[in-house]
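Summary of the model geometry
Here is what each chain is made of, one letter per residue.
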Amino acid sequence: MSPQMQRYMKARSAATGDSMDEMPTSFPSVIQINPEHAVIKSLKEQLEAGQEGEKQKRTVKLLYHVAAMKAGYEIGDSREFATLVTDLMSA
């Protein structure tokens, strides 16, 4: 189900007083990774060089949040997203 349809269903449920209990709370999504993207290439090089640390984990989390936002989904933890962005900006 598209993110727009999910928002519509939630809004409709709230407006009519219907319960969302009958509907699943999350829907499966597919995120495609472009292996030729500069960020992915850099991350791959770091991991192949044995650099598995917090920086790489934060990069992956940030990429996930950005991909979800670009696809139209709401991110669950906006505080974490803001922290990841400000950490990146100060690096």
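The rules behind each value
- Residues numbered from 1 in each chain as written.
- Predicted model: local features only at pLDDT ≥ 70, side-chain atom pairs only at ≥ 80, totals over all residues.
- Heavy atoms only, no water.
- Axes fitted to C-alpha atoms, helices over the stretch in contact; angles between N-to-C directions.
- Helix = DSSP H or I, 4+ residues; strand = E, 2+ residues; numbered from the N terminus.
- Parallel < 35°, antiparallel > 145°, perpendicular 65-115°, else oblique.
- Left-handed = near helix turned anticlockwise from the far one by under 90°.
- Contact = heavy atoms within 4.5 Å.
- Salt bridge = Lys/Arg side-chain N within 4 Å of Asp/Glu carboxyl O.
- Buried < 20%, exposed > 50% of the residue type's maximum accessible area, 1.4 Å probe, protein only.

1. Thoughts on the packing of helix H2 (residues 38-48) against helix H3 (residues 54-70)
Two numbers describe how H2 lies on H3: the axes approach to 11 Å, and their chain directions differ by 155°. Viewed along their axes, H2 and H3 adopt a mutual orientation that is roughly antiparallel. Considering the relative orientation of H2 and H3, their crossing is left-handed. Residues Val39, Ile40, Leu43, Gln46 and Leu47 of H2 pack against Lys55, Gln56, Thr59, Val60 and Leu63 of H3.

2. Brief notes about the pattern of salt bridges
Under the defined criterion, the tally for this structure stands at four salt bridges. Among the salt bridges present, the one from Glu48 reaches Lys44, with a minimum N-O distance of 3.6 Å. On the criterion of helical spacing, the pair formed by Glu48 and Lys44 is a turn pair, its members being four residues apart in helix H2. For the pair Glu48 and Lys44, one class covers both residues: exposed.

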